[in-house]
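# Descriptive analysis of the structure
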Amino acid sequence: MTAAPALAPAPAETTAAPVRRRSAGWVPVLPLLVFVVLSFGVPVLAMLNGAFTVKDPTGGADSYSSANFTASLHGAYLTALLGSIRLSAVSAVLASVLGLLLAQAVVTSRFSALREAVLTASGVLANFGGVPLAFAFVATLGNSGVLTRHLGLTALGWSLYSFWGLTITYLYFLIPLMVLTITPALDGLRAQWREAAQNNGATNGQYWRHVALPVLTPSLLGGFVLLFGSAFAAYATAAAMVGSSVPLVTLQIANAISGNVLVGQENVALALSLDMIVVAGLVMAVYLPLQRRSTRWLA
Amino acid sequence: MARLTARTRPWRAAILVCSAVYFLLPLAASVVFTVDVPGKGPNADAYQQIFGTAGFVSSLRLSLELAVATIAIVLLLMVPAMVALRLRAPRLRPLVEVVCSLPLVVPPIAFVAGIGTVLRWGPDHLATTPFFQTFVAIQNPSFPVVLVLAYTVMALPFVYRALDAGLRAMDVRTLVEAARSCGAGWPQALVRVVLPNLRRSVLNASFLTLALVLGEFTVAQLLGFRPFAVWIVSVSGEQAQLSVAVSVLSLLLTWMLLLMLASFSGGRAASRTSTKE
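Residues numbered from 1 in each chain as written. Chains lettered and ligands numbered in written order. Predicted model: local features only at pLDDT ≥ 70, side-chain atom pairs only at ≥ 80, totals over all residues.

## Things to note about the overall build of chain B
- A tally of regular secondary structure across chain B gives 13 helices and 2 strands.
- Looking at chain B as a whole, 42% of its 277 residues are labelled buried.
- Considering only intrachain contacts with a sequence separation of at least 6, the fraction spanning at least 24 residues in chain B is 75%. (Helix = DSSP H or I, 4+ residues; strand = E, 2+ residues; numbered from the N terminus. Buried ≥ 20, exposed ≤ 12 C-beta atoms within 10 Å, placed from the backbone. Contact = placed C-beta atoms within 7 Å.)

Laid out in structure tokens, this is it:
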């Protein structure tokens, strides 16, 4: 911005544009597209192909069928898929509610330093998944964790390596993500709306029920879907923390890829991956329109 | 308004205190865990052992090398493409936006399943062709190029957003036309006019990519390589204190990077409505 021209900020599509040399405009874009096709398209296509391929265990001849999908939706694989969905849904709901409360507390605060600090911290923590997060919680609430030892939590039946242990851990990056997602929407709630509601005799509760929450709904839903997606795709945290004591689809895929369970399950892993992509694709299909809708209120 | 906020204050304090406890406790506990070993009393042995532990230096160096290579490739691919989209091929913009968002739809674990499948083609089908050498070369354990390719793909969404925000904030067309009418060639206009204005976005993109590569575990572990995050997990079995100590350090490192990023993007851009992006 420092060197921005002092000219009027004309929109990019002014009619004064020079003669378009359309022939060469796409050349700098080409390497990017080629790269994505090779490094991303080929693996994804290979996965698709493998997911529909069944190896004949005796002859070794390949044939196309949907047997892998049938397998991926039965038995232990189905349990893992449902476990992942349940864990993601529960932690996303909790994080949405807690994130909304925290964001509201910060947005209405008079201290702008607090607001800046919380938003910056959220930006940092939302990116904080994976191995260090797992170890921080192992050191805190694991079997020999500091809190577990000092408060004698094991005697109370606490285990970090369980559904709720993972939920508490996931909240650590999901809540900040929600704060980041919902803060612009909360900023978009105009003071005039609250005043108007009050002038018409609305209580605080009525204002939230009839004015604020309907306006926030697209952002909240969009945020929830985004959180669900990140929890669903998370692997490193769970792998470093629970091993495989909680059935999760990411852990199942990892086991099947590395041939830990049974030989010849690689293609079921590919089918499971495709199941995940379908879920993630649905997440995006819901999230993007909601996000577009919610930006209307933030103008 | 003042009356209302006054009434809701206890609420807010409770929420803020609970959040502070929840977010600070694991960090504090991690530090306590590393220095207060049961039966030995407080000491800093775990931190002193770090550098002497086998694999620490080599895995960290591998991660840093991978990060540098990834940043270089992703910027070389994206910066010319994004500038060209602004200047000369606006019709391709929706396509590139979709292409750069696609990695968000494919979770890393699914992506690595696909990569693994492709890599198995090497020995299975291509053993007699020249491609085989390529397959071997990109899996060289001392510098696995395949990880760089995967990380570049995974970084595309972030880099796209960072560069897009930077290009939105400047009038590329006018700048380039001014440079061109002063006699600059295309490369000169790009390097000496557009890039300096994009500096902050490029820096943002680099930091985000660096954080991504340093913390990446899924792809590297499942392909059998041993950069930093995989190494931490592999030592955690025998040396719990040490692995937590290294995590604490790597956390501090990553956070410093991301805070630097936040201050870079928040500092001079304060006048811009960066929160809306």
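## A short note on the overall build of chain A
- Broken down by element type, chain A carries 12 helices and 2 strands.
- Secondary structure elements in chain A, listed N-terminal to C-terminal, are α-β-β-α-α-α-α-α-α-α-α-α-α-α.
- Here chain A holds 299 residues, and the buried ones make up 44% of them.

## A short note on helix α1 (residues 30-51) of chain A
- End to end, α1 of chain A covers 30 Å across 22 residues, agreeing with the expected 32 Å (1.5 Å per residue, within 8%).
- Every buried residue belonging to α1 of chain A is among L32, F35, V36, S39, F40, P43, V44, A46, M47, G50 and A51 of chain A, and all of these are buried. (Expected span 1.5 Å × (residues − 1).)

## Things to note about the interface of chain A and chain B
- Listed per partner, the contact involves 69 residues of chain A and 76 residues of chain B.
- The dominant element in the side of chain A that touches chain B, judged by the number of residues it contributes, is α1 of chain A, at 13 residues.
- Its residues assigned to classes, the side of chain A that touches chain B shows 52 nonpolar, 15 polar and 2 charged. (Nonpolar A, V, L, I, M, F, W, Y, C, P; charged D, E, K, R; others polar.)

## Brief notes about the packing of α1 of chain A against helix α8 (residues 145-168) of chain B
- Two elements in contact, α1 of chain A and α8 of chain B, have axes separated by 10 Å at closest approach and are oriented at 105°. Here α8 of chain B runs roughly perpendicular to α1 of chain A, going by the angle between their axes. On α8 of chain B, the residues touching V36, S39 and F40 of chain A of α1 of chain A are L149, T152 and V153 of chain B.
- Per-class residue counts for the contact of α1 of chain A with α8 of chain B are 4 nonpolar, 2 polar and no charged. (Axes fitted to C-alpha atoms, helices over the stretch in contact; angles between N-to-C directions. Parallel < 35°, antiparallel > 145°, perpendicular 65-115°, else oblique.)

## Section: the domain arrangement of chain A
- Split by domain assignment, chain A resolves into domain 1 (30-64) and domain 2 (79-298).
- A separation of 32 Å is found between the C-alpha centroids of domain 1 of chain A and domain 2 of chain A. (Domains from an automatic or database assignment.)

## Considering the packing of helix α3 (residues 75-107) of chain A against helix α7 (residues 163-188) of chain A
Residues and elements named next belong to chain A.
- Between α3 and α7, whose axes approach to 6 Å, the crossing angle comes to 45°. Taken together, the axes of α3 and α7 lie oblique to each other. Classified by chirality, the crossing of α7 by α3 is right-handed.
- Here the residues of the contact of α3 with α7 are counted per class, giving 20 nonpolar, 6 polar and 1 charged. (Left-handed = near helix turned anticlockwise from the far one by under 90°.)

## Description of helix α11 (residues 249-257) of chain A
- Burial runs high along α11 of chain A: 8 of the 9 residues are buried.
- Buried within α11 of chain A we find V249, T250, L251, Q252, I253, A254, A256 and I257 of chain A.

## Digging into the environment of A89 of chain A
- Inspection of the secondary structure puts A89 of chain A in helix α3.
- Taking C-alpha positions, A89 of chain A is 8.6 Å from L227 of chain A, a pair spaced 138 residues apart along the chain.

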